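# A look at the structure
Letter by letter, the chains look like this.
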Amino acid sequence: MTFETLLLAATILYLIQTGIFLWGVRRSGYPQQNAAQPLVSIVIAARNEERNLRDCLTSVLNQTYPSDRFEVIVANDGSTDGTDLICDDFRNRYSNFSWFTTLPDQRLRGKTNALAQAIDKAQGEIILITDADCVVPHTWVEETTRYYTPELGIMGGITLQEASRPFHGMQSLDWAYLLGVASAAVQLHTPLSTIGNNLSFRKEAYEAVGGYRKIPFSVTEDYTLFQTIINSGKWQYAYPINERLLVMSKPCQTLRDLIRQKHRWGKGGLDMKVAGFLIMAVSYTLHGSLLVGLSGLAFLSASIAFIVKSCADYLFVHRVLAPLRRTDLLRYFWYFQLYFILYVLFLPFLVAFGGKVVWKGRKY
């Protein structure tokens, strides 16, 4: 097989793959049939988040949902900054807010331990999880509950990142791409992944699988819980792309932090379904071929393939961002394209040789 043939085959497979994603995203959604107002618990694990926590709590406590129908619980996960003082302030001002400091658990580690202890305390029928560096829309709780028919067990949501410069913008577009694929995969009945800063589930579904104490430990606890509940076969699942559910997160501020994030995600995704590895294989083959071709082996062919691939990526990311009213992020598209090629090729080596995962000052 010649290099040009390999490049052509990889490009065609990538276009077919993107077309399938586009079809899935266009069908993204789930019937909003629940008019009831179930009791909801919002759970947040916070570790040294004094810079972000106040904005996060302000957003989650100011919802269109009745305040007597939801509670907010913060698990202070060994913070050594002013996180506890911020929590005390909010507890004095909001009757539906509470917080506690996590205790060691021999079976659980890190964030998983904090979430498990908070969920144990939660009174809600529906659990919503976000991170302390996130801001949620004021419609987040109300809109989430509308999806929860009796059959729905767990639901993912889209999170983007605040972007004021290219380094932030390329990260936000990366999340739009990855979570768009996750949403499309759900519509194709092949759920791949989710993100834990915009996740909800029935407490009944969580308890039915034994919760985090029965699920094998993972540095991406959200992904593991998502797959465990779905694989139980007892619940429906959803992953809508909905502006009223859009969560905004803080981007990584340094390249070192970004590499650590990708390392953690890569390690946590090692038990991904075969479909996920096939998607990665197609992407890796095309991006690797582009890099080799553009370096001089087949510059013209690789340039054409790069333009075609970029058009496909633009169409897909635009389709994800349009219903979220965030197409303004597309001004960072070319930064994202360069970043996308490099990290897709670098990630397998990072996972294989990157050593232990370092996150929030802990090693796993």
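Refer to the structure printed above.
Residues numbered from 1 in each chain as written. Predicted model: local features only at pLDDT ≥ 70, side-chain atom pairs only at ≥ 80, totals over all residues. Heavy atoms only, no water.

Next up on the list: the packing of aromatic side chains. Across all of its chains, the model carries 16 aromatic pairs by this definition. Plain terms: the ring middles of Phe-201 and Tyr-206 are 5.6 Å apart, the flat faces sit at 20 degrees to each other, and that makes the pair stacked. Given the relative accessible area of 0%, Phe-201 is considered buried. Plain terms: the ring middles of Tyr-206 and Tyr-212 are 5.7 Å apart, the flat faces sit at 70 degrees to each other, and that makes the pair edge-to-face. You'll find Tyr-206 and Tyr-212 in the same group, each marked buried. Taking NZ or CZ as reference, Lys-121 lies 4.8 Å from the ring centre of Phe-100, over its face. (Phe/Tyr/Trp six-rings, centres within 6.5 Å; stacked < 30°, edge-to-face > 60°. Buried < 20%, exposed > 50% of the residue type's maximum accessible area, 1.4 Å probe, protein only. Lys NZ or Arg CZ within 6 Å of the ring centre and 35° of its normal.)

Judged by how many residues are buried, strand β4 (residues 126–131) sits mostly within the fold: six of six residues are covered. Covered by surrounding structure in β4 are Ile-126, Leu-128 and Thr-130 together with Ile-127, Ile-129 and Asp-131, the residues of both alternating faces. Where strand β1 (residues 40–46) meets β4, six bridges bridge the pair, whose relative direction is parallel. Bridge pairing in β4 links Ile-44 to Thr-130. Strand direction decides the pairing type here: β4 and strand β8 (residues 199–202), joined by four bridges, are antiparallel. Directly across from Leu-128, in β8, lies its bridge partner Ser-200. (Helix = DSSP H or I, 4+ residues; strand = E, 2+ residues; numbered from the N terminus. Pairing = 2+ DSSP bridges.)

The next subject is unusual backbone geometry. Phi is mostly negative for residues that are not glycine, and the peptide bonds are mostly trans. The phi torsion at Asn-48 lies on the positive side, around 55 degrees, for a residue other than glycine. Its location among the elements puts Asn-48 in the loop between β1 and α2 (53–61). The exposure class of Asn-48 is partly exposed, given its relative accessible area of 34%. The backbone phi angle of Arg-325 is positive, close to 55 degrees, even though this residue is not glycine. Mapping Arg-325 onto the fold places it in the loop between α12 (299–321) and α13 (333–353). For Arg-325, a relative accessible area of 64% corresponds to the exposed category.

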